Amino acid sequence: MTPGDGGIAVIGAGPAGCAAAIALARAGRRVLLLERQAEPRESVCGEFLGADAAAALAALGLDPATLGGVPLRRARVGWRGRDAAFALPFPAWGLPRRVLDGALREAAVAAGTELRAGAAVRGAVPGPGGWQLRLAEGAVTARQVVLATGKQALRGHPRAGAPAGALGIKLHLAGIAPGDAVTLLPFAGGYAGLQPLPGGGANLCAVWHGAPGEAARDPVAFLARVAAGSALGARLLEGARPVWDRPLAVAAVPYGFRQPAGGPAGLYRAGDQAAVIPSFTGEGIALALHSGLTAAAAILAGEEAEAFHAAWRRRSAGPMRWAGLGARLLRQAPALFVRGAGLGAAARLMARRTRIGSAPPSAWSAVWSMDDGPA
Ligand SMILES: Cc1cc2nc3c(=O)[nH]c(=O)nc-3n(C[C@H](O)[C@H](O)[C@H](O)COP(=O)(O)OP(=O)(O)OC[C@H]3O[C@@H](n4cnc5c(N)ncnc54)[C@H](O)[C@@H]3O)c2cc1C
């Protein structure tokens, strides 16, 4: 990209970056999508997709069921000897991140995005004609930047005021059949989500607030810690075999972070760079997809980054608050959480409140078909 050509650089090909890239490319903008990983791969994630994520994916031409997602119909939770379950108030699926991220990358390329995979961005500074991005293989200039690096901060662009982080740990399991439910399993030090994988087996993913010790490295220790939290966990995990030699882990996840209104001109933060919703009580992928789409709509409408950040902060406030409350209960009062889950209607209301909500796919296609900006 050369200065003044109207090109947009999107940094990070996760859900947020791909959603933004697809929308901008469909509107005829020149988009360069820079991703440091050469191939899509598993990342630390519970892999739960709800209706809002599905609506955003539909706008992008993707469908969790067609991608092989396992339908989830119930949520259940266990703590010590008690457990409870309720019917999910919206459709949901379990889909491995490698599959989801791979489909999103392909859709971005099909929409006309130039994808440079294996290209880590090392810095971004404002300069003549827009932003100068530093890569190992040279510099790139773009008029605007969508910053969608997810869990990792780009050098020089920390998440201001981000709270102290939790640890995320994930492990795929064989020899276990968790049925059509997403199961929440609080244990000493954190809580985990367990749900089925396409083709059999399960994904076990945990949020850890204390020191995990061996559990961060040793799959057997990880399973033992989660199973010790509840009779339900012990029952479900009995006979489970780790598929990987060691769990995947990510440190310092700043749950509750929301990008303050403001920020430099021309740099739009999306996904986990804009807000980090507590896992299992909220849905980070749905927020990432919707914020990517909304950032693209802001760019197409000529809205400044500052205004976009302020609007996204307002829009995400409700789900962040409710998901934060749910996560606090899971951590600090799991017995109360189980009791609440047993009151079906209250649990379903809470589950709805934590969602970002979604515009119909036709509303998004109107956004990219009306643009007459530089090609
Ligand atoms: C323990 C845990 C469980 C979770 N469970 C769920 C769940 O069940 N359901 C759900 O909806 N959400 C869940 N989430 C949240 C979800 O994973 C994130 O919110 C979501 O992935 C954010 O998408 P993103 O596009 O912002 O970032 P990411 O998915 O992290 O993607 C960012 C991309 O940017 C790339 N990148 C980073 N730095 C650079 C760089 N310098 N140059 C180029 N590329 C770069 C990365 O390689 C990556 O591909 C969970 C999170 C955790 C920690």
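Within an unreviewed UniProt entry, the label attached to the protein chain reads FAD-dependent oxidoreductase, and the organism entered is Roseicella aerolata.

Draft legend 1. Here's a closer look at the packing of helix H7 (residues 305-332) against helix H8 (residues 334-342). Here H7 crosses H8 at 120 degrees, and the two axes come no closer than 5 Å. It follows that H7 is oblique to H8 by the angle criterion. Contact residues: H7 offers Gly326, Leu329, Leu330, Arg331 and Gln332, while H8 offers Pro334, Leu336 and Phe337.

Draft legend 2. Structural view of the nonpolar core. Among the nonpolar cores identified, the biggest contains 56 residues, and Leu24, Leu104, Val146, Leu289 and Leu293 are the most heavily contacted of them. Among the elements of the structure, strand S1 (8-11), helix H1 (15-26), strand S2 (31-35), helix H2 (51-59), helix H3 (97-110), helix H6 (284-300), H7 and helix H10 (361-369) are those that each provide at least two residues to this core. When residues of this core are assigned to their parent elements, the largest contribution, 12 residues, is made by H6. Excluding residues within four positions of it along the chain, Leu104 makes contact with Pro15, Cys18, Ile22, Leu57, Leu60, Leu62 and Leu289. Counting residues in hydrophobic clusters, the runner-up holds 30 residues, among them Val44, Val77, Leu330 and Val338.

Draft legend 3. Examining the packing of H2 against H6 more closely. Interhelical geometry of H2 versus H6 gives an angle of 35 degrees and a closest axis separation of 8 Å. For H2 against H6, the interelement crossing comes out left-handed. Across the interface between the two elements, Asp52, Ala53, Ala56 and Leu57 from H2 touch Ala286, Leu289, His290 and Leu293 from H6. Residue composition of the contact of H2 with H6, by class: six nonpolar, one polar and one charged.

Draft legend 4. Up close: the site of the ligand. Around the ligand lies a shell of 38 residues, among which Glu35, Gly46, Arg97, Asp272 and Ile285 are the nearest. Within the backbone of Arg36, a nitrogen or oxygen atom sits 3.1 Å from a nitrogen atom of the ligand. Take Asp272: an N or O atom from its side chain is 2.8 Å from an oxygen atom of the ligand. Secondary structure elements with two or more residues in the shell around the ligand: H1, S2, strand S14 (202-208) and H6. The residue makeup of the shell around the ligand, split by class, is 20 nonpolar, 11 polar and seven charged.

Draft legend 5. Main features of the environment of Gly28. Inspection of the secondary structure puts Gly28 in the loop between H1 and S2. Relative accessible area serves as the criterion here: at 34%, Gly28 is assigned to the partly exposed category. A sequence separation of 279 residues divides Gly28 from Ala307, and the C-alpha atoms of the two residues are 23 Å apart.

Draft legend 6. Region of the structure containing the sheet that holds strand S6 (residues 114-117). Pairing is parallel in the open sheet, where five strands are placed in the order S6-S2-S1-S10-S17. Two strands lie at the open edges of the sheet, namely S6 and strand S17 (267-269), each paired on one side alone. When strand polarity is set aside, the average angle formed by the axes of neighbouring strands in this sheet is 20 degrees. Sheet analysis places S2 next to S6, joined by four bridges and oriented parallel. The residue of S6 that forms the bridge with Leu32 is Glu114.

Draft legend 7. Representation of the packing of aromatic side chains within the structure. Within the structure shown, the criterion is met by four aromatic pairs. On the numbers, 6.1 Å between centres and 75 degrees between planes, the contact of Tyr191 with Phe280 is edge-to-face. Here the residue Tyr191 occupies a position in strand S13 (residues 190-196), and Phe280 occupies one in the loop between S17 and H6, the gap between them amounting to 89 residues. In this structure, Tyr191 and Phe280 share a single accessibility class: buried. When the ring centre of Phe257 is taken as origin, the NZ or CZ atom of Arg159, which lies over that ring, is 5.9 Å away.

Draft legend 8. Spotlight on the sheet that holds strand S7 (residues 121-127). Spatially, S7-S8-S9 is the arrangement adopted by the three strands of the open sheet, whose pairing is antiparallel. Where the open sheet ends on each side, the last strands, each with one partner, are S7 and strand S9 (138-142). Across this sheet, the average inter-strand angle for adjacent strands is 25 degrees, counted without regard to direction.

Draft legend 9. Region of the structure containing the pairing of strand S8 (residues 130-135). With six bridges connecting them, S7 and S8 associate as antiparallel partners. Looking across to S8, one finds that Val121 is bridged to Leu135. Between S7 and S8, which pair antiparallel in sequence order, lie two residues; one of them, Gly129, sits at a positive phi of approximately 80 degrees. In terms of strand pairing, S8 meets S9 through five bridges, oriented antiparallel. Residue pairing in the sheet places Gln132 in a bridge with Thr141 of S9. The turn linking S8 back onto S9 is made up of two residues.

Draft legend 10. Main features of H1. With 12 residues, H1 extends 16 Å from end C-alpha to end C-alpha; this agrees with the ideal 16 Å at 1.5 Å per step. Counting buried positions along H1 yields 11 of 12 residues, so the element is predominantly enclosed. Pro15, Ala16, Gly17, Cys18, Ala19, Ala20, Ala21, Ile22, Ala23, Leu24 and Ala25 are the residues of H1 that are buried. The inward-facing, buried residues of H1 contact S1, S2, H3, strand S10 (144-147), H6 and H10. Of the residues trailing H1, Gly28 is marked for its positive phi of about 95 degrees.

Rules used in this analysis
- Residues numbered from 1 in each chain as written.
- Predicted model: local features only at pLDDT ≥ 70, side-chain atom pairs only at ≥ 80, totals over all residues.
- Heavy atoms only, no water.
- Axes fitted to C-alpha atoms, helices over the stretch in contact; angles between N-to-C directions.
- Helix = DSSP H or I, 4+ residues; strand = E, 2+ residues; numbered from the N terminus.
- Parallel < 35°, antiparallel > 145°, perpendicular 65-115°, else oblique.
- Contact = heavy atoms within 4.5 Å.
- Core = buried A, V, L, I, M, F, W, Y, C linked by side-chain atoms within 4.5 Å.
- Buried < 20%, exposed > 50% of the residue type's maximum accessible area, 1.4 Å probe, protein only.
- Left-handed = near helix turned anticlockwise from the far one by under 90°.
- Nonpolar A, V, L, I, M, F, W, Y, C, P; charged D, E, K, R; others polar.
- Near = heavy atom within 4 Å.
- Polar contact = N/O pair within 3.5 Å; in protein donor to acceptor, adjacent residues only side chain to side chain.
- Pairing = 2+ DSSP bridges.
- Phe/Tyr/Trp six-rings, centres within 6.5 Å; stacked < 30°, edge-to-face > 60°.
- Lys NZ or Arg CZ within 6 Å of the ring centre and 35° of its normal.
- Expected span 1.5 Å × (residues − 1).

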